[in-house]
There are 4 protein chains.
Amino acid sequence: MQAPQDTKPRWERRKDARPQELLAAALEQFVERGYAATRLEDVARRAGVSKGTLYLYFANKEELFKAVVRDNIVATIGEAEQDAATFDGPSGELLGALLMKWWEEICATPLGGITKLMLAEGNNFPELAQFYNDEVVARGSSLFTRVLTRGIERGEFRPVDPVVMTQVLIAPVIMLMMWTHSFMPTCDMPQIPPQEFMDVFIATTLRGLKADTP
Amino acid sequence: MQAPQDTKPRWERRKDARPQELLAAALEQFVERGYAATRLEDVARRAGVSKGTLYLYFANKEELFKAVVRDNIVATIGEAEQDAATFDGPSGELLGALLMKWWEEICATPLGGITKLMLAEGNNFPELAQFYNDEVVARGSSLFTRVLTRGIERGEFRPVDPVVMTQVLIAPVIMLMMWTHSFMPTCDMPQIPPQEFMDVFIATTLRGLKADTP
Amino acid sequence: MQAPQDTKPRWERRKDARPQELLAAALEQFVERGYAATRLEDVARRAGVSKGTLYLYFANKEELFKAVVRDNIVATIGEAEQDAATFDGPSGELLGALLMKWWEEICATPLGGITKLMLAEGNNFPELAQFYNDEVVARGSSLFTRVLTRGIERGEFRPVDPVVMTQVLIAPVIMLMMWTHSFMPTCDMPQIPPQEFMDVFIATTLRGLKADTP
Amino acid sequence: MQAPQDTKPRWERRKDARPQELLAAALEQFVERGYAATRLEDVARRAGVSKGTLYLYFANKEELFKAVVRDNIVATIGEAEQDAATFDGPSGELLGALLMKWWEEICATPLGGITKLMLAEGNNFPELAQFYNDEVVARGSSLFTRVLTRGIERGEFRPVDPVVMTQVLIAPVIMLMMWTHSFMPTCDMPQIPPQEFMDVFIATTLRGLKADTP
DNA sequence: AATGAATGAGTTTTCATTCAT
DNA sequence: AATGAATGAAAACTCATTCAT
């Protein structure tokens with residue numbers, strides 16, 4: 001008896017997988033070489049297809065890049081928004097979980113390379129920078145801001161300015177990511193153990209945020 | 001009476017100044033646009049010369065970049081090595097001075113952009129990365145390591161591992177530099193006052209390093 | 001009771017209609033965009049089939065274009081040849097009918113766009129130009145020439161040179177066609193009423209051709 | 001003794017001539033092959049330079065085409081505007097001279113191919129069509145309209161609608177141009193002797209325009 | 001020393017054509 | 001018969017590098 005999900009002929013299953021294969025290849029190539037230096041032919045070869053095939057799925061280099069960001073980073077932000085919306089427990093726990101999710105699912109993976117790439121090349125590709133700012137930076141920041149506001153309103157956090165506090169939360173993580181992820185491999189830089197850093201950072205931050213209890 | 005260093009007629013002094021003007025223009029352009037995206041024509045225009053003139057002084061783009069690094073960062077490291085070699089006073093004072101020099105003359109100037117650039121694009125230009133590692137990272141690190149060793153040998157510092165300690169010294173400065181250079185242009189990060197940060201950092205570090213006095 | 005030409009089941013009739021649908025779509029696309037700028041994918045989409053299907057019926061773009069010309073213009077010329085061959089009446093009547101048929105079935109329909117296209121792009125596609133010249137221009141011209149000869153031989157027309165006279169017949173019709181098809185879209189040209197033009201033109205021409213009757 | 005206009009070194013004189021050489025090559029190529037089918041490399045080769053050189057003088061294909069139009073057609077229109085502005089004689093004479101100038105300097109030269117090209121491909125390149133309409137069609141038409149108005153105001157012409165009359169003037173010339181210039185060379189079309197056509201056309205038109213004298 | 005015109009290899013993108021299913 | 005995914009040749013455009021003057 002045949003499994004119901006396998007009734008399609010093989011090439012059709014292949015077709016459905018194509019975009020994912022291309023996005024995976026593109027992610028690797030972008031992270032390895034940067035945006036400008038990535039040649040679409042290399043992305044295609046990496047996915048085992050020809051140059052032209054890429055254009056069946058993505059209109060151009062920019063759209064390919066955006067798709068990579070959407071399919072990975074934006075999707076993760078969406079999950080995090082879901083998590084936050086449905087979470088019932090204490091705000092500190094939520095905040096810690098979000099920071100950890102960000103670290104583990106983005107910063108500590110090859111996706112961290114995308115952030116590095118935007119830092120390095122964003123200036124030269126204003127439309128990409130705009131896109132990244134809107135879809136990632138603004139949306140991610142505002143999620144943290146909302147969680148902070150929630151904690152303050154529920155009396156769990158001290159009444160800090162949630163926008164400024166968001167920046168204070170974000171900065172060390174991005175730095176750690178640059179440090180861990182993207183340092184020149186040839187450079188003998190000091191290793192910072194990321195897990196410990198994040199643990200200490202989150203613990204410290206939550207302690208600092210905790211509202212005074214009389 | 002003529003200053004002894006100015007015996008040449010003016011237009012010849014101008015000629016001698018050419019390389020410096022080119023290096024200055026190149027530095028600005030590299031910092032603004034990154035290595036890959038910098039067009040030599042823009043460098044030339046910025047220096048007020050033709051593209052061809054650039055090639056009279058620098059064999060190619062890579063050599064131009066190396067020259068920028070040498071003329072600025074490596075030169076500063078050389079001075080620092082001189083300072084260290086001729087300094088007679090306490091090692092803590094020397095160490096603090098070196099950190100401060102690094103901050104003030106490199107990190108806090110446009111040269112900081114070169115470090116950011118190497119972090120971002122080093123992967124794509126292995127030969128540049130190698131050069132930067134050899135001429136800047138290794139040489140700078142080893143200077144700090146020697147000063148630490150000096151301090152330990154003279155009984156001024158606790159007997160820490162000087163190589164590891166070097167990395168501990170370097171990391172916060174680079175982080176502060178990335179921070180200050182506002183590496184995420186779209187992100188309005190809170191300002192960290194660099195001077196205070198450095199003061200506190202140096203003071204803390206030196207206190208931590210100080211050998212126990214019975 | 002079934003019509004005798006409709007004995008096939010419906011889906012099969014549909015199948016037979018395929019080439020016609022494709023030719024119709026191709027005609028529209030060629031007229032709208034010109035030969036070079038017509039993309040076969042657009043033709044296919046317009047006909048509601050896939051690009052591959054096009055190649056089941058036509059070997060390539062050029063053959064598709066030729067088929068459009070054959071199926072429409074050449075077919076009409078064939079009919080006209082039949083008409084002329086079987087016509088028994090006065091040559092003037094025949095000539096007028098042929099001119100009118102040409103105008104009404106070709107020039108005044110979208111097929112006029114094909115003529116415009118050949119005028120405009122023929123130079124760039126010598127093989128198409130050759131084909132068009134052989135199948136349309138030469139064949140059409142020779143039909144008029146034969147009718148003129150017939151009229152002269154039967155003593156109905158003055159003894160003009162039938163080849164030159166053919167050219168005199170053709171020119172105004174093509175001009176009117178170019179005019180009617182508004183070949184300069186940006187230019188709001190005054191409308192020439194084509195029916196009146198053709199009526200006057202044919203009447204005048206026939207009067208001019210009529211042999212002197214003693 | 002050296003001629004004063006030849007003091008420049010040879011390559012510099014060459015440089016000054018470059019744009020003209022490129023424009024001439026581009027004109028030929030555009031007229032021969034149409035806009036879309038013209039490859040910039042062929043234009044370059046025709047001018048005896050490399051592809052890249054073209055881009056030193058013209059930003060892209062579109063600008064090259066515009067430059068061809070400006071340098072030839074628009075320039076001629078400018079001259080005609082001058083002629084018209086400074087002309088003192090009877091309006092009929094002026095009008096006839098303008099029509100003849102148009103015919104001789106544009107329609108009867110390779111520049112006529114540019115008009116054909118716009119007719120054929122204008123639809124596919126809206127920006128070029130816009131440019132051509134603004135710089136050529138509108139400007140040329142308005143010149144004729146002004147001359148007609150001048151004649152009417154001076155009582156030389158009957159009080160026709162000058163805008164409509166402009167179109168009536170333009171149409172036959174464009175048709176003649178299409179006929180003379182751009183017919184498929186393989187087609188045995190009747191030759192219309194252009195000079196005679198223009199003479200008759202102008203004479204007829206001026207007679208028709210002449211104001212009734214009591 | 002200085003110029004800047006010239007080059008051509010390299011990259012993105014398009015589209016007629018093929019072919020496995 | 002029909003599909004539509006895949007291909008790759010071709011063309012526009014960029015820019016590091018060369019070289020005649």
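Predicted, not measured: the structure shown is a model, and the values here were computed from it.

**Details of the overall build of chain A**
Now for step 1: Counting its secondary structure elements, chain A contains nine helices and zero strands.
Now for step 2: Taken from the N to the C terminus, the helices and strands of chain A come in the order α-α-α-α-α-α-α-α-α.
Now for step 3: Per-residue burial for chain A yields a buried fraction of 49% across its 214 residues.
Now for step 4: Of all intrachain contacts in chain A linking residues separated by at least 6 positions in sequence, the fraction that spans at least 24 positions is 72%.
Now for step 5: With an accessible surface of roughly 10700 Å², chain A has 54% of that area assigned to carbon and sulfur atoms.

**Comments concerning the environment of Gly-151 of chain C**
Residues and elements named next belong to chain C.
Now for step 1: Along the chain, Gly-151 turns up in helix α7 (residues 126-153).
Now for step 2: Residue classification places Gly-151 among the buried residues on the basis of a relative accessible area of 0%.
Now for step 3: Sequence spacing of Gly-151 and Trp-102 is 49 residues, and the spatial spacing of their C-alpha atoms is 19 Å.
Now for step 4: Once residues within four sequence positions are removed from consideration, Gly-151 is found in contact with Ser-91, Glu-156 and Phe-157.

**A closer look at the UniProt feature "domain: HTH tetR-type" (unreviewed entry) in chain A**
Now for step 1: UniProt marks residues 16-76 of chain A with the feature "domain: HTH tetR-type" (unreviewed entry), using the numbering shown here.
Now for step 2: Across residues 16-76 of chain A, the secondary structure splits into 80% helix and 0% strand, with the terminal C-alpha atoms separated by 22 Å.

**Some points on the packing of aromatic side chains**
Now for step 1: Taken as a whole, this structure holds 24 aromatic pairs over all chains when the rule is applied.
Now for step 2: A centroid spacing of 4.7 Å and a plane angle of 75° characterise the contact between Tyr-35 of chain B and Phe-125 of chain B, whose relative ring orientation is edge-to-face. Of this pair, Tyr-35 of chain B sits in the loop between α1 (10-33) and α2 (40-47) while Phe-125 of chain B sits in the loop between α6 (111-121) and α7 (126-153), placing them 90 residues apart in sequence.
Now for step 3: Overall, the relative accessible area of 5% leaves Tyr-35 of chain B in the buried class.
Now for step 4: Through a chain of ring-to-ring contacts, the aromatic side chains of Phe-30, Tyr-35, Phe-65 and Phe-125 of chain A assemble into a single cluster.
Now for step 5: One cation-aromatic arrangement involves Lys-61 of chain A over Tyr-35 of chain A; the distance from NZ or CZ to the ring centre is 5.0 Å.

**Quick notes on the domain arrangement of chain A**
Residues and elements named next belong to chain A.
Now for step 1: Assigned domains within chain A: domain 1 (1-58) and domain 2 (62-209).
Now for step 2: Contacts between domain 1 and domain 2 engage 13 residues on the former and 17 residues on the latter.
Now for step 3: Buried surface at the junction of domain 1 and domain 2, summed over both partners, amounts to about 1200 Å²; 79% is from carbon and sulfur atoms.
Now for step 4: At the junction of domain 1 and domain 2, the tally comes to zero salt bridges.

**Side note on the environment of Asn-123 of chain C**
Now for step 1: For Asn-123 of chain C, the location among the structural elements is in the loop between α6 (112-121) and α7.
Now for step 2: Along the sequence, Asn-123 of chain C and Ala-17 of chain C sit 106 residues apart, while their C-alpha atoms lie 33 Å from each other.

**Quick notes on the pattern of salt bridges**
Now for step 1: Per the counting criterion, the structure on display carries 47 salt bridges over all chains.
Now for step 2: Between Arg-18 of chain A and Glu-21 of chain A there is a salt bridge, with its nearest N and O atoms 3.2 Å apart. Of this pair, Arg-18 of chain A and Glu-21 of chain A both sit in helix α1 (residues 10-33), three residues apart, roughly one helical turn.
Now for step 3: Among the salt bridges present, the one from Lys-66 of chain D reaches Glu-62 of chain D, with a minimum N-O distance of 3.7 Å. Linking Lys-66 of chain D with Glu-62 of chain D, this pair stays in helix α4 (residues 61-86), spanning four residues, or about one helical turn.
Now for step 4: Linked by salt bridges that have partners in common, Glu-79, Asp-83, Lys-101 and Glu-105 of chain A make up one network.

**Describing helix α9 (residues 194-209) of chain A**
Residues and elements named next belong to chain A.
Now for step 1: Look at α9: 22 Å from first C-alpha to last across 16 residues, which is about the 22 Å you get at 1.5 Å a residue.
Now for step 2: All of the buried residues along α9 are Met-198, Phe-201, Ile-202, Thr-205 and Leu-209. Each buried residue of α9 sits inside an arc of 95° when the element is viewed along its axis, so together they form one side. Exposed and facing more than 90 degrees away from the buried side of α9 are Glu-196, Val-200 and Arg-207.

**Describing helix α2 (residues 40-47) of chain A**
Now for step 1: When α2 of chain A is considered as a whole, its buried residues turn out to be Leu-40, Asp-42, Val-43, Ala-44 and Ala-47 of chain A.
Now for step 2: Phi turns positive one or two residues past the end of α2 of chain A, at Gly-48 of chain A, with a value near 75°.

**Here we look at the side chain of Glu-121 of chain A**
Residue and element names in this part refer to chain A.
Now for step 1: Looking at the element boundaries, Glu-121 is found in helix α6 (residues 112-121).
Now for step 2: The buried charged residue Glu-121 lacks any salt bridge partner; its closest oppositely charged side chain belongs to Lys-61, at an N-O distance of 7.2 Å.
Now for step 3: If we ignore the near neighbours within four places in the chain, the residues touching Glu-121 are Gly-34, Tyr-35 and Ala-36.

**Considerations on the packing of α6 of chain A against helix α7 (residues 126-153) of chain A**
For any two helices packed against each other, the geometry comes down to the angle between their axes and how far apart the axes lie.
Residues and elements named next belong to chain A.
Now for step 1: It is the contact of α6 with α7, at a shortest axis distance of 10 Å, that shows an interaxial angle of 130°. Compared by their axis directions, α6 and α7 come out oblique. With respect to the hand of their crossing, α6 and α7 are arranged in left-handed fashion. Along the contact surface, α6 presents Ile-114, Thr-115 and Met-118, while α7 presents Leu-128, Ala-129 and Tyr-132.

**A closer look at the packing of helix α5 (residues 91-107) of chain B against helix α8 (residues 162-180) of chain B**
Residue and element names in this part refer to chain B.
Now for step 1: Contact geometry for α5 and α8: axes closest at 11 Å, N-to-C directions at 25°. Regarding the angle of α5 to α8, the classification is roughly parallel. For α5 against α8, the interelement crossing comes out right-handed. Residue-level inspection shows Leu-95, Leu-99, Trp-102, Trp-103 and Cys-107 of α5 in contact with α8, the latter providing Leu-169, Ile-170, Val-173, Ile-174, Leu-176, Met-177 and Thr-180.
Now for step 2: Looking at the contact of α5 with α8 residue by residue, the class counts come to 11 nonpolar, one polar and no charged.

**Points about the environment of Leu-23 of chain C**
Residues and elements named next belong to chain C.
Now for step 1: Within the secondary structure, Leu-23 is located in helix α1 (residues 10-33).
Now for step 2: Separated by 35 residues in the primary sequence, Leu-23 and Phe-58 have C-alpha atoms spaced 9.9 Å apart.
Now for step 3: Among residues more than four places away in sequence, those in contact with Leu-23 are Phe-58, Leu-64, Ala-67, Val-68 and Asp-71.

**Structural notes on the confidence of the model for chain A**
Now for step 1: On average, residues of chain A carry a pLDDT of 86, and 87% of them reach 70 or more.
Now for step 2: Contacts of residues 1-13 of chain A to residues separated by more than four positions or lying in other chains number four contacts, the stretch itself having pLDDT below 50.

About the cut-offs
Residues numbered from 1 in each chain as written. Chains lettered and ligands numbered in written order. Predicted model: local features only at pLDDT ≥ 70, side-chain atom pairs only at ≥ 80, totals over all residues. Heavy atoms only, no water. Helix = DSSP H or I, 4+ residues; strand = E, 2+ residues; numbered from the N terminus. Buried < 20%, exposed > 50% of the residue type's maximum accessible area, 1.4 Å probe, protein only. Contact = heavy atoms within 4.5 Å. Areas by Shrake-Rupley, 256 points an atom, 1.4 Å probe, with all protein chains shown as cover. UniProt positions renumbered as here; feature names shortened; annotations may be inferred. Phe/Tyr/Trp six-rings, centres within 6.5 Å; stacked < 30°, edge-to-face > 60°. Lys NZ or Arg CZ within 6 Å of the ring centre and 35° of its normal. Domains from an automatic or database assignment. Buried area = accessible area lost by both parts, 1.4 Å probe. Salt bridge = Lys/Arg side-chain N within 4 Å of Asp/Glu carboxyl O. Expected span 1.5 Å × (residues − 1). Arc of directions from axis to C-beta. Lys, Arg positive; Asp, Glu negative; His and termini not counted. Axes fitted to C-alpha atoms, helices over the stretch in contact; angles between N-to-C directions. Parallel < 35°, antiparallel > 145°, perpendicular 65-115°, else oblique. Left-handed = near helix turned anticlockwise from the far one by under 90°. Nonpolar A, V, L, I, M, F, W, Y, C, P; charged D, E, K, R; others polar. pLDDT = per-residue confidence, 0-100.

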